[in-house]
Amino acid sequence: MSENRKKTIDVALNRVEGDLELRIEHEDGVVTNAWSKGIMYRGFENMLKGRGALDGLVLTPRVCGICGTAHLLTAAKALDMISGAQLPVNALLVRNLAMMAEHIQSDLRHGILMFMQDCHNPAYAGLPLYGEAVRRYQAFKGRSVIGAIGMTKKILEIVAILGGQWPNSSFIVPGGVASVPTFNDIVNCTYIINLFTTWYEEQILGCPLERWQQVRSEQDLQAWLDESDAHRDGDLGFFIRFARLVGLDRLGRGHGNFVSFGQLELPQGSAVRGRTADPLLLAAGFIGQGQAPAGCDQELVTEHVAYSHFVDYPGGLHPSEGLTQPYVSPYEIIKYSFCKAPRYNGRPAETGPLAQMLTSGHPLFADMIAAGGPNAYVRELARLTRPAELLPAMKTWAGEIDPEAPFYHSVREIPDGHGYGLIDASRGALGHWVEISRQKIAHYQIITPTAWNGSPRDHDGVRGPWEEALIGTPIADPDNPVEIGHVIRSFDACQVCSVHLLTNNAPATGRSRCVRV
């Protein structure tokens, strides 16, 4: 009888950047199994082989239309390592500012334009916050939507000022940056940072950054929410009220493992300090379920393909040895995704703003995870509040740029060698592993954040992070599984372009069908 109650649905998630299909198995209104399918092969690694050593600086920003600066920086860091380049302080400052501007626009666009759209899903039409959600988040009309579109466009002007354009800029190069900002450029960047900070304080937080930074525990968070109407009425306050009302803290637990490659090097002599002893503002690290944070060793990263549409190899391979040989057989019944399955020390790990806050020692998120474990609520809370960690550093670093000092140390050629660049892009851990031979790229391997989060099963049959996070999710209406959308969007899925999924050829029993969320 139990088997007769099991049903499958194919879920098409709109509002993601990516070719993403989800197959969900549910029984008695609860998800019992899940398969995450990346359905488009990109093959950037193979496109790069045989090209000039510097070509990755032009091609890899095209991997993603949202995170182009992150790919550019990661590619440049790999070549910095191979060439032994020593970066001027100004170069670090400019790189950091551009990277933070891209993060902030992504965090707020995702939070307001993507995640919060589900607050006015018809499933919530009878809730007391529904009318307010429509007024705030209705597509292209809502008050918060209009504000977020305008201000995130404004913060991206920093990348254009420093790098000449956004997206797909190539101003970060081995040895520093190829552009030299003038005094007026720096003034303009500072003006934009101050303008955005004012909007973020008024519209998102409902309080000054300094007040938010005093929130160090879940008890502090409740006190902050109760403190004033401005706190409750900001977009962050609305999100907290909505999340508690619909139970987002009970959705999307997952494996409980976290990985961050860290980012934002602290330049020598800077007044900016991180929360840890790590030489990065946001520290790298790995956290296993129930374990204390530990350092992150890239040697422990492997990629598995047992369930991916690639030629098989046993177990996992380190990216420096990784193979990208796509293979799809018409008789294949096991493999189901063009995503590989990255693992850290053999374990799946989620990545993103929450992982970053935990490895960086943020007390609020450490307290929330200790009390309730990971969930959709705390993931999105980390994303909406990460700009509060970045904006003060941005303002300080803009003021520390010296237009008269160097921005580049000459790198005449890229020698033969192996290198890697590791950073946290907007959605989490991003790595480029590169081999240069005779001034050409001999090997290139990229692991993106969504490869971590949206991976299929590995060699041991262990689910990827958001596959696992879906297990146990209640579905009130299989024709409108908004709960699935909450869980996946809490990871900020990004797999290239929007998804359009057609109904499969299932028999007319109602056991398998396609729905759109």
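In this report, we go over the structure that sits alongside the text. In this text, all values refer to a predicted model and were calculated from it rather than measured experimentally.

**Focus: the packing of aromatic side chains**
Phase 1 of the analysis: Taken as a whole, this structure holds 14 aromatic pairs when the rule is applied.
Phase 2 of the analysis: Seen from their ring centres, Phe115 and Phe239 are 6.0 Å apart, and the 70 degrees between their planes marks the pair as edge-to-face. Pair noted here: Phe115 is in helix 5 (residues 89-115) and Phe239 is in helix 13 (residues 235-246), with a separation of 124 residues, a long-range link.
Phase 3 of the analysis: The exposure class assigned to Phe239 is buried, which follows from its relative accessible area of 0%.
Phase 4 of the analysis: Every member of this aromatic cluster is reached through a ring pair, and the members are Tyr124, Tyr137, Phe238 and Phe242.
Phase 5 of the analysis: When the ring centre of Phe310 is taken as reference, the NZ or CZ atom of Lys340 above it lies at 5.4 Å.

**Some remarks on the nonpolar core**
Phase 1 of the analysis: Counting 131 residues, the largest nonpolar core has Tyr200, Trp212, Leu221, Phe239 and Phe365 as its most contacted members.
Phase 2 of the analysis: The element best represented in this core is helix 16 (residues 376-400), accounting for 13 residues.
Phase 3 of the analysis: Every residue in contact with Trp212, bar those within four places of it in the chain, is listed here: Leu205, Cys207, Leu221, Trp224, Leu236, Leu364, Thr385 and Ala388.
Phase 4 of the analysis: Membership of the second largest hydrophobic core comes to 11 residues, among which are Phe261, Val301, Tyr344 and Ile447.

**Some remarks on the sheet that holds strand 15 (residues 428-437)**
Phase 1 of the analysis: Strands sit in the order 14-15-16 across an open sheet of 3 strands; the sheet is antiparallel. Unpaired on one side and paired on the other, strand 14 (417-425) and strand 16 (440-447) mark the two borders of the sheet. Ignoring strand direction, the axes of neighbouring strands in this sheet form an average angle of 15 degrees.
Phase 2 of the analysis: Relative to strand 15, strand 14 runs antiparallel, the two sharing 9 bridges.

**Details of the packing of helix 9 (residues 183-205) against helix 16**
Phase 1 of the analysis: At a minimum axis separation of 10 Å, helix 9 and helix 16 run at an interaxial angle of 150 degrees. Our classification of the angle between helix 9 and helix 16 gives roughly antiparallel. Both helix 9 and helix 16 take part in a crossing whose hand is left-handed. On the side of helix 9, the interface is formed by Ile186, Thr190, Ile193, Asn194, Phe196, Thr197, Tyr200 and Ile204, while helix 16 contributes Leu384, Thr385, Pro387, Ala388, Leu391, Met394, Lys395 and Ala398.
Phase 2 of the analysis: Here the residues of the contact of helix 9 with helix 16 are counted per class, giving 11 nonpolar, 4 polar and 1 charged.

**Considering the pairing of strand 16**
Successive residues of a regular strand alternate their side chains across the two faces of the sheet.
Phase 1 of the analysis: With 6 of 8 residues buried, strand 16 lies mostly within the body of the structure.
Phase 2 of the analysis: By the bridge criterion, 7 bridges tie strand 15 to strand 16 in an arrangement that is antiparallel. Paired with Ile436 across the strands is Ile441, a residue of strand 16.

**Structural notes on the side chain of Ser217**
Phase 1 of the analysis: Mapped onto the fold, Ser217 is located in the loop between helix 10 (209-212) and helix 11 (218-227).
Phase 2 of the analysis: Here Asp220 takes part through its backbone nitrogen, which lies 3.1 Å from a polar atom of the side chain of Ser217.
Phase 3 of the analysis: Those residues in contact with Ser217 that sit more than four places away from it in its chain are Leu364 and Asp367.

**Looking at the sheet that holds strand 13 (residues 341-344)**
Phase 1 of the analysis: Ordered by their spatial adjacency, 3 strands build an open sheet running 12-11-13, and the pairing between neighbours is antiparallel. Edge strands, defined here as strands with exactly one partner in the open sheet, are strand 12 (316-317) and strand 13.
Phase 2 of the analysis: The pairing of strand 11 (residues 301-304) with strand 12 spans 2 bridges and is antiparallel. Bridge assignment links His304 to a residue of strand 12, and that residue is Gly316.

**Here's the deal with the environment of Cys64**
Phase 1 of the analysis: Following the sequence through the fold, Cys64 ends up in the loop between helix 3 (56-59) and helix 4 (68-83).
Phase 2 of the analysis: The class of Cys64 is buried, set by a relative accessible area of 5%.
Phase 3 of the analysis: For the pair Cys64 and Gly464, spaced 400 residues apart in the sequence, the C-alpha separation amounts to 21 Å.

Rules behind the numbers
Residues numbered from 1 in each chain as written. Predicted model: local features only at pLDDT ≥ 70, side-chain atom pairs only at ≥ 80, totals over all residues. Heavy atoms only, no water. Phe/Tyr/Trp six-rings, centres within 6.5 Å; stacked < 30°, edge-to-face > 60°. Helix = DSSP H or I, 4+ residues; strand = E, 2+ residues; numbered from the N terminus. Buried < 20%, exposed > 50% of the residue type's maximum accessible area, 1.4 Å probe, protein only. Lys NZ or Arg CZ within 6 Å of the ring centre and 35° of its normal. Core = buried A, V, L, I, M, F, W, Y, C linked by side-chain atoms within 4.5 Å. Contact = heavy atoms within 4.5 Å. Pairing = 2+ DSSP bridges. Axes fitted to C-alpha atoms, helices over the stretch in contact; angles between N-to-C directions. Parallel < 35°, antiparallel > 145°, perpendicular 65-115°, else oblique. Left-handed = near helix turned anticlockwise from the far one by under 90°. Nonpolar A, V, L, I, M, F, W, Y, C, P; charged D, E, K, R; others polar. Polar contact = N/O pair within 3.5 Å; in protein donor to acceptor, adjacent residues only side chain to side chain.

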